[in-house]
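Summary of structural features
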Amino acid sequence: MVNWLSPNEWFDGSRYGNIGFEMEFEKLIAFRNYYWIEIMTECRVHALRILITPHAYPDLVPYDPVKDNGPWRYDPDRKLHYWNPTHCLEFMHEGDLMVRDFRGLKYFDHHKDFCCIDHQTCPDKNLFKPLARLRFLLPG
Ligand SMILES: [Zn+2]
């Protein structure tokens, strides 16, 4: 199973829905391998995808955020992660994500046109974040 994660936030509404589960990035990447997967160019903002996994995949291209000149960089001297905000960086995290590891919840307005699940049928497009919060806390 792969969970889709992204550090990006969108000024004109989230394309990932209305609710964000925040996690410690260091916990997500600890003792994992990273692989460059692809660039999706169908959208106006290109999506760059990196797999984070506990497994070794010899047929995939390894990604090193310290050495590689890609969308995710890590400065070990400053212990800081960087990403290129002009692209949509997406991490494919292989494995379970534990609720106990969530650092917090964040609510977003849903983008009025874009949705990563299905932009043609998503009923939440343009949903204002206070209403999303209410629906999350009081479903039904
Ligand atoms: Zn949606």
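Below or above, wherever it landed, is the structure these notes cover. All figures in this text were calculated on a predicted structure; none of them were measured in a lab.

Some details on the coordination of the zinc ion
Geometrically, a metal with four donors at the corners of a regular tetrahedron has ideal angles of 109.5 degrees, and one with six donors at the corners of a regular octahedron has ideal angles of 90 or 180 degrees. Protein ligation of the zinc ion involves H110 (NE2), C115 (SG) and C122 (SG), the donor distances falling in the range 2.2 Å. Here the donor residues of the zinc ion are spaced in sequence according to H-x4-C-x6-C. Its relative accessible area of 11% is what places C115 among the buried residues. C122 gets classed as buried once you look at its relative accessible area, which sits at 16%.

Describing the sheet that holds strand 3 (residues 33-40)
Across the sheet, 5 strands lie side by side as 1-8-4-3-5; this open sheet has mixed pairing. Strand pairing shows two members of the sheet lacking a second neighbour, strand 1 (2-5) and strand 5 (61-62), which therefore form its edges. Across 2 bridges, strand 3 lies against strand 5 in antiparallel orientation. Residue pairing in the sheet places Y35 in a bridge with P62 of strand 5.

Some remarks on the pattern of salt bridges
Enumeration according to the criterion identifies 8 salt bridges in this entry. Note that R103 and E24 form a salt bridge whose closest N and O atoms lie 3.3 Å from each other. Taken together, the positions of R103 in strand 9 (residues 102-107) and E24 in the loop between strand 2 (19-23) and helix 1 (25-29) put the pair 79 residues apart, joining distant regions of the chain.

The rules behind the values
- Residues numbered from 1 in each chain as written.
- Predicted model: local features only at pLDDT ≥ 70, side-chain atom pairs only at ≥ 80, totals over all residues.
- Heavy atoms only, no water.
- Donors = N, O, S within 2.8 Å, 3.2 Å for Na, K, Ca; no water.
- Buried < 20%, exposed > 50% of the residue type's maximum accessible area, 1.4 Å probe, protein only.
- Pairing = 2+ DSSP bridges.
- Helix = DSSP H or I, 4+ residues; strand = E, 2+ residues; numbered from the N terminus.
- Salt bridge = Lys/Arg side-chain N within 4 Å of Asp/Glu carboxyl O.

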